[in-house]
Amino acid sequence: MFSKPRIPVGRILTEGALPSRAQRALYRRRGYRIADDVTFAPGVVIEGEEVEIGAGSSFGFGTVIRGRRIRIGRRVDIGSACIFEGGDILIGDDTVVREQVFVGGPLLPDSLLELGKRVRIFQTCFLNPSRPLRIGDDTGLGGRSSIFTHGSWQSILDGYPVVFEPVTIGKNVWLPWHVFILPGVELGDNATIGAGSVVNRSIPAGALAAGVPAKVLKSPEEWPRPIDEEERWRLARAIVEQFGAYLRHRGVEAVLTEDEHRVAIRFERDGRNRSIELIRAGDGATGGDIVLQLTGRPERGRSWFALGERIKGGESDEVSTETDQFLSRYGLRFVPFDEL
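None of the values given here were measured: they were computed from a predicted structure. (Residues numbered from 1 in each chain as written. Predicted model: local features only at pLDDT ≥ 70, side-chain atom pairs only at ≥ 80, totals over all residues. Heavy atoms only, no water.)

Another aspect to go through is the sheet that holds strand 29 (residues 272-279). The strand order across the open sheet built from seven strands is 27-28-29-30-31-32-33, with neighbouring strands paired in mixed fashion. Two strands bound the open sheet, and with one partner strand each, they are strand 27 (255-259) and strand 33 (335-336). Both strand 31 (residues 303-306) and strand 32 (residues 311-314) contribute to a ladder of four bridges, which runs antiparallel. Bridging across to strand 32, Trp304 finds its partner in Gly313. (Pairing = 2+ DSSP bridges. Helix = DSSP H or I, 4+ residues; strand = E, 2+ residues; numbered from the N terminus.)

Turning our eyes to something else, we now look at unusual backbone geometry. With the exception of glycine, most residues fall at negative phi, and the peptide bonds are largely trans. Look at the link from Val212 to Pro213: it is a cis peptide, with omega at -5°. If you trace the backbone, Pro213 turns up in the loop between strand 25 (208-211) and strand 26 (214-218). Across the junction of Trp223 and Pro224, the peptide omega takes the value -5°, indicating a cis bond. Among the secondary structure elements, Pro224 is positioned in the loop between strand 26 and helix 3 (229-249). Although it is not a glycine, Asp94 sits at a positive phi angle of roughly 65°. With respect to the helices and strands, Asp94 occurs in the loop between strand 8 (88-91) and strand 9 (96-97). Located in the positive-phi region is Arg118, a residue other than glycine, with phi close to 60°. Mapped onto the elements of the fold, Arg118 is located in the loop between strand 11 (112-115) and strand 12 (120-121).

On to the nonpolar core. Counting 48 residues, the largest nonpolar core has Phe59 and Leu187 as its most contacted members. Looking at this core, the elements with two or more residues in it are strand 3 (45-53), strand 5 (64-72), strand 8, strand 11, strand 14 (133-135) and strand 19 (167-169). Not counting residues up to four positions away in its chain, the partners in contact with Phe59 are Val38, Thr39, Phe40, Ala41, Val44, Ile46, Ile53, Ile65, Ile72 and Ile78. In this structure, Ala254, Ile276, Ile290 and Phe305 belong to the second largest nonpolar core, which totals 24 residues. (Core = buried A, V, L, I, M, F, W, Y, C linked by side-chain atoms within 4.5 Å. Buried < 20%, exposed > 50% of the residue type's maximum accessible area, 1.4 Å probe, protein only. Contact = heavy atoms within 4.5 Å.)

So, about the side chain of Ser146. Looking at the secondary structure, you find Ser146 in strand 16 (residues 146-148). Other than its neighbours up to four places away in sequence, Ser146 contacts Phe126, Val179, Phe180 and Ile181.

Turning next to the packing of helix 3 against helix 4 (residues 318-328). Two elements in contact, helix 3 and helix 4, have axes separated by 11 Å at closest approach and are oriented at 120°. In terms of orientation, helix 3 and helix 4 fall into the oblique class. As for the relative orientation of helix 3 and helix 4, their crossing is right-handed in sense. Contacts between helix 3 and helix 4 pair Ile239, Gln242, Phe243 and Tyr246 from the former with Glu322, Thr323, Phe326 and Leu327 from the latter. Classifying every residue of the contact of helix 3 with helix 4 by side-chain character gives five nonpolar, two polar and one charged. (Axes fitted to C-alpha atoms, helices over the stretch in contact; angles between N-to-C directions. Parallel < 35°, antiparallel > 145°, perpendicular 65-115°, else oblique. Left-handed = near helix turned anticlockwise from the far one by under 90°. Nonpolar A, V, L, I, M, F, W, Y, C, P; charged D, E, K, R; others polar.)

What follows deals with the pattern of salt bridges. A complete count under the given rule lists 31 salt bridges for this structure. With a closest N to O distance of 2.8 Å, Arg262 and Asp259 form a salt bridge. Exposure remark for Asp259: the relative accessible area of 32% places this residue in the partly exposed category. With its nearest N and O atoms 2.5 Å apart, the salt bridge here joins Lys312 to Asp324. Of this pair, Lys312 sits in strand 32 while Asp324 is found in helix 4, placing the two residues 12 residues apart along the sequence. (Salt bridge = Lys/Arg side-chain N within 4 Å of Asp/Glu carboxyl O.)

Tracing the backbone through its elements, the reader meets Ile239 in helix 3. Note: C-alpha distance between Ile239 and Tyr330 (91 residues apart in sequence) is 8.0 Å. If near-sequence neighbours (up to four positions away) are discounted, Ile239 is found in contact with Phe326, Leu327, Tyr330 and Leu332.

What follows is about the pairing of strand 30 (residues 290-293). Because side chains alternate across strand 30, one face comprises the buried residues Ile290 and Leu292, and the other comprises Val291 and Gln293, equally buried. With four bridges connecting them, strand 29 and strand 30 associate as parallel partners. Among the inter-strand pairings, Ile279 is bridged to a residue of strand 30, identified as Gln293. Examined bridge by bridge, strand 30 and strand 31 share four bridges and lie parallel to one another. If you follow Leu292 over to strand 31, its bridge partner there is Phe305.

The final tally for this structure, using the stated rule, is 12 aromatic pairs. For the pair Phe243 and Tyr246, a centre-to-centre distance of 6.0 Å together with 25° between the ring planes defines the contact as stacked. A residue pair is termed a helical-turn pair when its members lie 3 or 4 positions apart in one helix, as Phe243 and Tyr246 do in helix 3 at three residues. Its relative accessible area of 5% is what places Phe243 among the buried residues. Counting every residue linked through ring pairs, the aromatic cluster contains Tyr27, Tyr32, Phe40 and Phe59. (Phe/Tyr/Trp six-rings, centres within 6.5 Å; stacked < 30°, edge-to-face > 60°.)

See the structure below:
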């Protein structure tokens, strides 16, 4: 009555064996709201009192998500062998959870895991939402990292500490690999934490902190380093040049052309001539079907990315998706223009 198996083997072998179309139909009969193109790999089990999954979302092999209210946005990608056990589980659009992420622990009435939009949770992380755990938009949690909202083992009646406190992580925060966050911590927007740190106190917005325990090393006035427009343009050009090298490494015959105001990659894909063009501002475009613009929003291009404003628009296809994913390697993540 009060417990259930952590790994629901029977359901994995029955409903988890159904193809995506049949599994969507099964969940809809239970009252779940599931978009038509949601995909489930073999072994997936979703269980909740109230479930909603948005368009374009996918779930990897053997993933189990169980909670009270489960709301998963659009284009969410959850990898294989993930286990989510919580109260309310809320995941924003375009968030990616890599393989073998575990969510669980002793659950209290206000148990909550809330991941914002475009969050990245990398492999083998452990998230404990006994109390509310909130992670803001565009934040990244590196692999093998752990976040705890509870700390207890030895008896409180013998004087040992027992703590149950929420954890809040702001927007655009970066926690590299193997970071440990303790109960009650708040990390402000744009904070950066050094790899291997143990964070037992709150860190202000925009600061760089590291260590065991973590201490502020650089204030928001010192971090990140300022760069001028010329360096931004040089960095953007270098990213596109690296993209050209990446395509050639993948066997694509990509030709790079450039001048003072523009860098372009031209290649053939599925029998069509394609191009990716970086321009500095709106007056330099020559008609690339994917246009990257450093300042302002492109007025041309079948697909476009405004690098400064972090907005993307136009049609989405395999090439624009590959471009989007490559840009994310450099911390450039974009909000769809039609979803602003």
